[in-house]
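If you want the building blocks of each chain, they are given just below.
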Amino acid sequence: MDKIKVGVIGCGSIAIHRHVPEYAANPNVEIVALCDVVKERAEALADKYGGTVYTDYMDVINREDIDAVSVCLPNYLHAPVSIAALEAGKHVLCEKPMATSAEEAEAMIRAAKSSGKILMIGHNQRLMPPHVKAKQILESGELGKIYSFRTTFGHAGPEGWCVDKSKKTWFFRKKEAFVGAMGDLGVHKADLIRWLLGEEIVEVGAFVETRGKTYDDDQLIDVDDNAVCVLKSESGIIGTLTASWTYRGGEDNSTTIYCEKGVMKLGADPDFEVVVNYTNGQRACYKVGEIATNEKQVSSGVIDLFVKHIVNGEQPIISGDEGYKALKIVLACLESAEKKTFVQVK
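Here is what the cut-offs are and how they apply
- Throughout this description, residue numbers start from 1 for each chain and increase along the sequence as written.
- Local features are withheld for residues below a pLDDT of 70 in this predicted model, meaning they are given only at 70 or higher, and side-chain atom pairs are given and counted only at 80 or more; totals for whole chains, interfaces and linings count all residues.
- Hydrogens and waters are ignored; side-chain quantities use all the structure's heavy atoms.
- Note on conventions: DSSP H or I runs of at least 4 residues are helices, E runs of at least 2 residues are strands, and numbering of each starts at the N terminus.
- When a residue's accessible area, from a 1.4 Å probe over protein chains only, is under 20% of the maximum for its type it is buried; when over 50% it is exposed; and in between it is partly exposed.
- Contacts: residue pairs with any heavy atoms within 4.5 Å of one another.
- Think of a salt bridge as a Lys or Arg side-chain nitrogen and an Asp or Glu carboxyl oxygen that are within 4 Å of each other.
- Axes, fitted as lines to C-alpha atoms, cover a helix only where it is in contact. Angles between the N-to-C directions of the axes lie from 0 to 180 degrees.
- Under this scheme an angle from 65 to 115 degrees is roughly perpendicular, one under 35 degrees roughly parallel, and one over 145 degrees roughly antiparallel; angles in between are oblique.
- The crossing is said to be left-handed when, going from far helix to near helix, the turn is anticlockwise and less than a right angle, and right-handed when the turn is clockwise.
- In this classification, the charged set is Asp, Glu, Lys and Arg, the nonpolar set is Ala, Val, Leu, Ile, Met, Phe, Trp, Tyr, Cys and Pro, and all remaining amino acids, among them Gly, are polar.
- Stacked, tilted and edge-to-face are the three classes assigned to paired rings of Phe, Tyr and Trp, where Trp is represented by its six-membered ring and a pair needs centres within 6.5 Å; plane angles under 30 degrees give stacked, over 60 edge-to-face, the rest tilted.

A. Spatial organisation of the environment of Val274. Along the chain, the position of Val274 falls in strand β13 (residues 274–278). By relative accessible area, which is 0% here, Val274 ends up buried. When the C-alpha positions of Val274 and Arg194 are compared, they lie 19 Å apart, and in sequence the two are 80 residues distant. Those residues in contact with Val274 that lie beyond four places of it in its chain are Pro130, Lys133, Ile137, Met264, Lys265, Leu266, Ala284, Cys285, Tyr286 and Val288.

See the structure below:
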């Protein structure tokens, strides 16, 4: 078959470290367009991987030969750019969080259905080998009933990861980001935990705060940098989700599942990515591959899965509907923190 012609819209860190190199490594893909308002960013990637440079995303979307685009832009642009691309007949891989509101997410899903094109959201946590192994163990039934969980994603903040390496990053500006650590990291864990449990989160209680991150004038940023949330699933499983931009002693991307017949720990042991301590005293340790972090880049799996879906003409596993369910948990947590009460996930 002919190669899938791809355009990447937004050439910041997520494009530099994940989307562009993973597209380049896929034999079914040709990168033909790279777009960023800062032309030099797109040019730097084009010099290494090829493709025509643009500064206006509509010039990419309007190219008739482009089959698919990655949307790697600030959060407030995810919905409008994705919708424009879908309406132009392009498959879309959109970074998370998929949108800044329920209304935007629903409009994206409608656009995908109307166009008949793929809308996939970049939730890579469920594709990481330790989480895939955990899902297999849980589905086998060997741990019995799930009682509770805790899942955490924290690091020192996006200013060390973003392309600007500056406090002027869009991540700290509410008009562009809409939400802070909860949208950057918490939404990943929201998607992961509902996928691992195999059921939806129906009620939340949350503290969502700004504690440590400041602008250059030492004023606190206007989005959250820490969140601790209590989640309840439809069958009554309860647990905590923590997201933070102020973990300065190293990243934490760990999950623990407490079950009837044992405890499963993911990303917590330095030697084994998955550890199961059974109630009968036995212990199982698995080396299955690492979880991608800002500190240690490994393949996200998202690009290869997106391409596979296009090649096979199949609906995406991490669809717009899936992205919306994770976003709704984040929105409910924000509402809970604001109202200081437990909130139903709508």
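B. Representation of the pattern of salt bridges in the model. Counted according to the given criterion, the structure contains 20 salt bridges. Here Glu139 ties to Lys135 by a salt bridge, and the two come within 3.7 Å at their closest N and O atoms. On the criterion of helical spacing, the pair formed by Glu139 and Lys135 is a turn pair, its members being four residues apart in helix α6 (residues 129–140). Given a relative accessible area of 60%, Glu139 falls into the exposed group. With relative accessibility at 13%, the residue Lys135 sits in the buried group. A salt bridge links Asp269 to Arg283, with the shortest nitrogen-to-oxygen separation between them at 3.8 Å. Note that Asp269 is positioned in the loop between β12 (262–266) and β13 and Arg283 in strand β14 (residues 283–286), a separation of 14 residues in sequence. Taken together, the shared-partner salt bridges connect Arg126, Asp191, Arg194, Glu200, Glu322 and Lys325 into one network.

C. Quick look at the packing of helix α8 (residues 181–197) against helix α10 (residues 320–339). Across the interface, α8 lies against α10 with an axial gap of 9 Å and an inter-helix angle of 120°. The angle between α8 and α10 falls in the class oblique. For the element pair α8 and α10, the recorded crossing hand is right-handed. Contact with α8, carried on its side by Met182, Gly186, Val187, Ala190, Asp191 and Arg194, involves Glu322, Lys325, Ala326, Leu327, Ile329, Val330 and Cys333 of α10 and no other residues of that element. Looking at the contact of α8 with α10 residue by residue, the classes come out as eight nonpolar, one polar and four charged.

D. Spotlight on the packing of aromatic side chains. Per the counting criterion, the structure on display carries three aromatic pairs. Arranged with centres 6.4 Å apart and planes meeting at 85°, the rings of Phe171 and Trp245 form a pair that is edge-to-face. Here Trp245 lies in the loop between β10 (238–244) and β11 (255–259) and Phe171 lies in the loop between β7 (146–154) and α7 (174–177), a separation of 74 residues in the sequence. In terms of burial, Phe171 and Trp245 fall into one category: buried.

E. Expanded view of the side chain of Ser82. Its place among the elements puts Ser82 in helix α4 (residues 75–87). Leave out the neighbours within four places in its chain, and Ser82 touches Val71, Leu77, Val92, Cys94 and Met108.

F. Spatial organisation of unusual backbone geometry. For the bond from Lys96 to Pro97, the omega torsion is -15°, close enough to zero to count as cis. By the secondary structure assignment, Pro97 is in the loop between β5 (91–94) and α5 (102–115). For Lys165, which is not glycine, the phi dihedral falls at a positive 50°. Along the chain, the position of Lys165 falls in the loop between β7 and α7.

Spatial relationships are all this shows, so hold off on functional conclusions.
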